[in-house]
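# Architecture and fold: a report
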Amino acid sequence: MAENSAVYAIRFPDGSVTLYIDEEYAIDRGVDPAKLVRVEIPRELFANGSIQEIREYVAVYLENSHQGTA
């Protein structure tokens, strides 16, 4: 498996976030690929962070992107 420091995510109206390791897996799970957002995770966080820390990073990234400030 190639080294990758990105995840694919969907942010729901309630602010919750679902993460997928790759686009193919998300599609296999029934996700509309047009709704996926690819988010680059800082290498240190990707390597040493908890899933909760990564989820929070992605949620903030998506919130800022939605507001046009990312």
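Report follows, based on the coordinates.

### Observations regarding the pattern of salt bridges
Pairs can form between side chains of opposite charge once their charged atoms are near each other. Evaluation of the coordinates by the stated rule reveals two salt bridges. Note that arginine 38 and glutamate 40 form a salt bridge whose closest N and O atoms lie 2.4 Å from each other. Residue class for arginine 38 comes out partly exposed when judged on its relative accessible area of 43%.

### What to know about the nonpolar core
Core analysis: the biggest nonpolar cluster contains 10 residues, these being Val7, Ala9, Val17, Leu19, Val39, Ile41, Leu45, Ile54, Val58 and Leu62. Counting only elements with at least two residues in this core, the list comes to strand 1 (6–11), strand 2 (17–20) and helix 3 (51–67). Looking at this core element by element, the count peaks at three residues for helix 3. Look past the residues within four positions of alanine 9 in its chain and what remains in contact with it is Val17, Thr18, Leu19, Lys35, Leu36, Val37, Val58 and Leu62. Judged by nonpolar contacts, the second largest core, of six residues, contains Ile10, Ala26, Val31 and Leu36.

### Re the sheet that holds strand 3 (residues 37–40)
Spatially, three strands are ordered 2-1-3 in an open sheet, and the strand pairing comes out antiparallel. Since the sheet does not close on itself, it has two edges, and those belong to strand 2 and strand 3, each with one partner. Pairwise comparison of adjacent strand axes, ignoring direction, gives a mean angle of 40° for this sheet. Sheet topology places strand 1 next to strand 2; four bridges connect them, and they run antiparallel. Across the sheet, arginine 11 pairs through a bridge with valine 17, a residue of strand 2.

### Some words on the packing of aromatic side chains
Counted by the stated rule, this structure contains one aromatic pair. Taking the centre distance of 6.2 Å and the plane angle of 50° together, the rings of tyrosine 20 and tyrosine 25 count as tilted. Owing to a relative accessible area of 13%, tyrosine 20 belongs among the buried residues under this scheme.

Procedures and definitions
- Residues numbered from 1 in each chain as written.
- Predicted model: local features only at pLDDT ≥ 70, side-chain atom pairs only at ≥ 80, totals over all residues.
- Heavy atoms only, no water.
- Salt bridge = Lys/Arg side-chain N within 4 Å of Asp/Glu carboxyl O.
- Buried < 20%, exposed > 50% of the residue type's maximum accessible area, 1.4 Å probe, protein only.
- Core = buried A, V, L, I, M, F, W, Y, C linked by side-chain atoms within 4.5 Å.
- Helix = DSSP H or I, 4+ residues; strand = E, 2+ residues; numbered from the N terminus.
- Contact = heavy atoms within 4.5 Å.
- Pairing = 2+ DSSP bridges.
- Axes fitted to C-alpha atoms, helices over the stretch in contact; angles between N-to-C directions.
- Phe/Tyr/Trp six-rings, centres within 6.5 Å; stacked < 30°, edge-to-face > 60°.

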